[in-house]
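The residues making up each chain are set out below.
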Protein chains: 2
Amino acid sequence: MTDSPPDVLASRLGYLFKHAHARLLDVAGPAMAPFGIDGRELAVLAVLGAGAPLSQQEAAELLGVDRTTMVALVDELERKELVERHRSAADRRKNIVRLTEKGRRCLEGAGDARDAAERRFLEPLGESGAAGFVAALQILAGARPL
Amino acid sequence: MTDSPPDVLASRLGYLFKHAHARLLDVAGPAMAPFGIDGRELAVLAVLGAGAPLSQQEAAELLGVDRTTMVALVDELERKELVERHRSAADRRKNIVRLTEKGRRCLEGAGDARDAAERRFLEPLGESGAAGFVAALQILAGARPL
DNA sequence: TATTGTTATACTCTATAACTATA
DNA sequence: TATAGTTATAGAGTATAACAATA
């Protein structure tokens, strides 16, 4: 990553998104590493642990990834014994994906680590600056009604 | 892209960066398409058009891409007749990459189109909100001293 | 020896198409 | 016929290793 980019790039949103995201990964990646998962896997654990039981496809839709991508993601999480597939009794085409006890502990530990990493990442903005930034980002990401 | 993501995701910076960036591409991609280039190619034209003549490696460092990636990028821009390679007389290992007249016109037109697209993207934040957001993003991307 | 550009190669992430089993 | 999961495959984008020309 470039440390001091030229002016022609410093105002380009695409460049700024890419590099800000890369800096976030620099902080959050090592924070989650001790738990043996990365950010995408943590996001899967989070939606599975959030509330109602989900099928693979339902989880994929929530995360905005393809259902074929979800197959590999669940394969890996199952290999790590963090989730289990169960055929749905109501609709035997569906795989209900459940957190294991180990998965729940991992979600909790890695989630806390990632939250702390995000706070460190946002630190340069100050407390109110960080809150305003996240709110703006939620609007731009379409995660919040206008 | 998910339209209304669940709460467990709406506060995650990685998710927000990914989806905000995707929304930006939705707006900026079509805006640049009439000029036959994408955002990465426009970024190359921009650093080449900014000031001093650059070698491939120097341009690659400014953009934060690998020098092997730059080879393919310059190949494509040369095929479109937007840039020209010239062996440096001072150091014959180096390729100085220069904008052609066509490249300069493309930089100007596509640059304006992209600027307008970015303004539309930021519109929901209001004028001062947008300025604050970009300033914060520059800090987080390391594009601006703290 | 080190550096620039280049090629070949591989790896990650993602998407499309086709198959299976269920509905 | 349509859907959920799966597999195979292919396309970006990027990175590593090795080579030729040059320093």
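Here, every reference points to the structure presented above.
Residues numbered from 1 in each chain as written. Chains lettered and ligands numbered in written order. Predicted model: local features only at pLDDT ≥ 70, side-chain atom pairs only at ≥ 80, totals over all residues. Heavy atoms only, no water.

Caption draft 1: Structural detail: the protein's contact with DNA strand C. Taken together, 17 residues surround DNA strand C, and among them A:R40, A:R93, B:Q56, B:Q57 and B:R67 come closest. A distance of 2.6 Å separates a phosphate oxygen of DNA strand C from a polar side-chain atom of A:R40. One nitrogen or oxygen atom from the side chain of B:R93 is found 3.1 Å from a base oxygen belonging to DNA strand C. At three residues, the largest contribution of residues to the surface near DNA strand C is made by helix α5 (residues 67-79) of chain B. (Near = heavy atom within 4 Å. Polar contact = N/O pair within 3.5 Å; in protein donor to acceptor, adjacent residues only side chain to side chain. Helix = DSSP H or I, 4+ residues; strand = E, 2+ residues; numbered from the N terminus.)

Caption draft 2: Inspection of the relation of the copies chain B and chain A at higher detail. Note on the copies: chain B fits chain A at an RMSD of 0.1 Å, the axial shift is 0.0 Å, and the rotation between them is 180 degrees. Taken together, the turn and the small shift mark the pair as related by a two-fold rotation axis. Proximity to the rotation axis, assessed at the C-alpha, singles out B:F133 in chain B; its C-alpha lies 3.0 Å from the axis. (Least-squares fit on C-alpha atoms with pLDDT ≥ 70 in both.)

Caption draft 3: Up close: the protein's contact with DNA strand D. Surveying the vicinity of DNA strand D reveals 18 residues, the closest of which are A:Q56, A:Q57, A:R67, B:R40 and B:R92. Sugar plus phosphate, as a fraction of atoms of DNA strand D within 4 Å of the protein: 62%. Interatomic distance of 2.3 Å between a side-chain N/O atom of A:Q57 and a phosphate oxygen of DNA strand D. Between DNA strand D and the protein, one listed contact pairs a base oxygen with a side-chain N or O atom of A:R93 at 3.0 Å. Residue assignment for the surface near DNA strand D shows that the elements contributing at least two residues are α4 (56-63) and α5 (67-79) of chain A together with α5 of chain B.

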